[in-house]
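Here is how the chains run, residue by residue.
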Amino acid sequence: MLLTPEKPYVGKYAFDHLGFRPFFLAAGLFAVIGMILWAGIYGFGWAGLPPTYPAITWHAHEMVFGYAVAVAAGFLLTAVKNWTNQQTPHQTPLLVLAGVWLLARLLPFAGVPLSVIAIIDTLFLLWLTLALARPIIRTKQWKQAALVGKIALLIPANIVFYLGLLGYWAQGTQVGLYAGFYLILALIFTMGRRVIPFFIERGVGCPFTANNDVWLDRFSLVLFVLFVGADVWALATGNPLAGLLSGMFALVQVLLHAFRLHGWYHPAIWEKPLLWSLYLAYGWLIFGFLLKFLNLAAGIAPVWIHAFAYGGIAMMTCGMMTRVALGHTGRNVAEPPAILVIIFLLLFAGAFVRVVNAALVPEFYAMWILSAQLLWITAFALFVWQYAPMLLKPRIDGRYG
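Residue indices follow the written sequence of each chain, beginning from 1 at its first position. Restriction of local features to residues with pLDDT of at least 70 applies here, the model being predicted, together with a cutoff of 80 or more for giving and counting side-chain atom pairs; totals for whole chains, interfaces and linings are based on all residues. Working from all heavy atoms in the structure, the side-chain values ignore hydrogens and water.

- The name an unreviewed UniProt entry assigns to the protein chain is NnrS family protein, from the organism Thiothrix subterranea.

With respect to a nonpolar patch on the surface
- Nonpolar side chains collect at one region of the surface, where Ile159, Leu163, Leu166, Tyr168 and Trp169 lie side by side and expose about 480 Å² of accessible area between them.
- Helix numbering and strand numbering both begin at the N terminus, where a helix is a DSSP run of H or I of at least 4 residues and a strand a DSSP run of E of at least 2. As for its position among the elements, tryptophan 169 is in the loop between helix H5 (145–165) and helix H6 (172–203). Each patch is assembled from residues with relative accessible area greater than 30% and no salt bridge, linking like charges that lie within 9 Å and nonpolar side chains (Val, Leu, Ile, Met, Phe, Trp, Tyr) that lie within 5 Å. Calculation of accessible area relied on Shrake-Rupley with a 1.4 Å probe; when residues are assessed, cover is drawn exclusively from the protein chains displayed. Here, a salt bridge means any side-chain nitrogen of Lys or Arg that lies within 4 Å of a carboxyl oxygen of Asp or Glu.

Concerning the side chain of threonine 322
- Along the chain, threonine 322 turns up in helix H10 (residues 304–327).
- On the basis of relative accessible area, threonine 322 is assigned to the buried category, the value being 0%.
- Distance and chemistry together define a polar contact, namely a pair of N or O atoms within 3.5 Å, with one atom able to donate a hydrogen and the other to accept it when in protein, and with adjacent residues in sequence counting only for side-chain atoms on both sides. A polar side-chain atom of threonine 322 sits 2.8 Å from the main-chain carbonyl oxygen of glycine 319.
- Whether two residues are in contact is decided by their heavy atoms: any pair within 4.5 Å suffices. Excluding residues that lie within four positions of it along the chain, threonine 322 makes contacts with Leu274, Leu340, Phe344, Phe383 and Tyr387. Exposure is judged per residue with a 1.4 Å probe applied to protein chains only, and the accessible area is read against the type maximum: over 50% gives exposed, under 20% gives buried, and values in between give partly exposed.

Comments concerning helix H2 (residues 55–84)
- Multiplying 1.5 Å by the residue count of a helix minus one yields the expected span of that helix. With 30 residues, H2 ought to run about 44 Å at 1.5 Å a step, and its terminal C-alpha atoms sit 41 Å apart, in line with that.
- Across the 30 residues that make up H2, a large majority, 25, are buried.
- Note on H2: the residue one or two positions beyond its end, asparagine 85, has a positive phi of about 55 degrees.

As for the confidence of the model for the protein chain
- Overall, the prediction assigns the protein chain a mean pLDDT of 94, with 98% of residues at 70 or greater.
- Looking at any residue, its pLDDT shows the predictor's confidence there, from 0 to 100. Contacts for the low-pLDDT stretch residues 1–6, under 50 throughout, to residues beyond four places or in other chains number 14 contacts.

Observations regarding the packing of aromatic side chains
- Ring pairs are drawn from Phe, Tyr and Trp, using the six-membered ring of Trp, whenever the two centres fall within 6.5 Å, and their geometry is named by plane angle: stacked under 30 degrees, edge-to-face over 60, tilted for the rest. Inspection of the entire model under this criterion finds 36 aromatic pairs.
- Centre to centre, the rings of tyrosine 182 and phenylalanine 224 are 6.5 Å apart; their planes meet at 90 degrees, and the pair counts as edge-to-face. Taken together, the positions of tyrosine 182 in helix H6 and phenylalanine 224 in helix H7 (residues 214–237) put the pair 42 residues apart, joining distant regions of the chain.
- Tyrosine 182 gets classed as buried once you look at its relative accessible area, which sits at 1%.
- Ring centres of phenylalanine 189 and phenylalanine 289 lie 5.9 Å apart, and the angle between their planes is 15 degrees; this geometry places the pair in the stacked category. Taken as a pair, phenylalanine 189 in helix H6 and phenylalanine 289 in helix H9 (residues 273–298) lie far apart in primary sequence, 100 residues in all.
- With a relative accessible area of 0%, phenylalanine 289 lands in the buried category.

Points about the nonpolar core
- The biggest cluster of nonpolar side chains holds 144 residues, and the ones touching the most others in it are Phe23, Tyr67, Tyr182 and Trp376.
- Of all the elements, H6 adds the most residues to this core, at 18 residues.
- For tyrosine 182, the contacting residues outside a window of four places in its chain are Phe224, Phe227, Val228, Asp231, Val232, Lys292 and Trp304. For our purposes a nonpolar core is just a set of buried Ala, Val, Leu, Ile, Met, Phe, Trp, Tyr and Cys residues, chained together by side-chain atoms within 4.5 Å.

Observations concerning the pattern of salt bridges
- Under the definition given, this model contains eight salt bridges.
- For arginine 105, the salt bridge is made with aspartate 121, and the minimal N-O distance between the two is 3.1 Å. Here aspartate 121 lies in helix H4 (residues 114–139) and arginine 105 lies in helix H3 (residues 92–106), a separation of 16 residues in the sequence. Neither arginine 105 nor aspartate 121 differs from the other in exposure class; each is buried.
- The closest approach of N and O atoms between arginine 193 and aspartate 217, which form a salt bridge, is 3.0 Å. One end of the pair, arginine 193, is in helix H6; the other, aspartate 217, is in helix H7, with 24 residues separating them in the sequence.
- Look at arginine 193 and you get partly exposed, because its relative accessible area is 23%.

What to know about helix H12 (residues 365–392)
- The terminal C-alpha atoms of H12 lie 39 Å apart, and with 28 residues this matches the ideal 40 Å at 1.5 Å per residue to within 8%.
- Along H12, the helix axis deviates most sharply at glutamine 386, where the bend reaches about 40 degrees; the proline proline 389 sits within four residues downstream. We define the bend at each residue as the angle formed by axes fitted to the 7 residues ending at it and the 7 residues starting at it.

Description of the side chain of glutamate 62
- Here glutamate 62 is to be found in helix H2.
- Given the relative accessible area of 1%, glutamate 62 is considered buried.
- The residues touching glutamate 62, leaving out its near neighbours within four places in the chain, are Phe30, Tyr53, Tyr67 and Arg105.

Some remarks on the packing of H9 against helix H11 (residues 339–360)
- Axis definition: a line fit to C-alpha positions, over the contact stretch in the case of helices; interaxial angles, taken between N-to-C directions, run 0 to 180 degrees. Here H9 crosses H11 at 10 degrees, and the two axes come no closer than 10 Å. Accordingly, the angle class assigned to the pair H9 and H11 is roughly parallel. Contacts from Pro273, Leu274, Trp276, Ser277, Leu280, Trp284, Phe287 and Leu291 of H9 reach H11 at Leu340, Val341, Phe344, Leu345, Phe348, Ala351, Phe352, Val355 and Val356.
- Residues that form the contact of H9 with H11 fall into these classes: 16 nonpolar, one polar and no charged. An angle counts as roughly parallel when it lies under 35 degrees, as roughly antiparallel when it exceeds 145, as roughly perpendicular when it falls between 65 and 115, and as oblique in every other case. Under the scheme applied, nonpolar residues are Ala, Val, Leu, Ile, Met, Phe, Trp, Tyr, Cys and Pro; charged residues are Asp, Glu, Lys and Arg; polar residues are all the others, including Gly.

The structure is reproduced here in structure tokens:
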């Protein structure tokens, strides 16, 4: 339960009460606007970015350090307050923090030097890390430190990305992007391991214990670190041994995570969109590892990236935002809005088109990309339409938060 003042909140808006409010709304809006911009740039050649900032690089960076980081910020700022009963940024500091995130998203289109963008974007990550670390250090909840550590590691990843963009290290752009991407995946796996079985056990409506093995948790973590190290090594150096190791580690991850997902299964999840959306998202992550292996071993198209990003990260983060927003605005998570089924199916269909169709029928590649973009835009537009009032207005039970 969220620990809040007993005195009822009587204000008209609650946008600055907890981190999930501005950052979930920002993530949803950016998912729509950012993808519209990318569709315009990709399909119609819209300009606006500096010549030194390739459009495809901007798209990749903003999906990781823009959209995904916004969701992580909203989730963790709210969760850390609950775990520690220590105040995370709220009111003016929270809005300023969200404003710095927004400024970093806008500046690439304002003709501002890349060095200035790099400083502001990195300062946001530093501020976010400090805001999360302080309550954990004060209360000595060291078991939560790993989550904050992943956010902290985004700082050097972002710096390396901009060093590459500014011409100081040729491989820096790719290394920084993939390091950030894998850190978000690591955060998704950590939180998914914590919350998905918990939600399933309490959401299926009957006695059920999800199977979790300690050895699998530890082994999969070590293996993921080895996989990331090998893949980033291969990107930085082009070493064929590193690529071979990356593929082998990816294949073993398929088996481990499939075993874990099987242990969480209960047929009643298909009656609950807030459960099957997370379950399918985790399945996309497993599929991403398989496609990564096939890309390295058999030379198939590199669609593994979007299996992770579109199917895994997008579905997982959308599923988490929809659930967290319901619970933290005083609503019943067992009775979610009916439109969530449509939102999750649109995201699943978009991921399928972007990954499977693009790989199997590449002669229509441009059409698949446009279709996936439109499905993404529609899904997140519906999310914003349904959830913006919840995120802006006070809790329905009159509590602060």
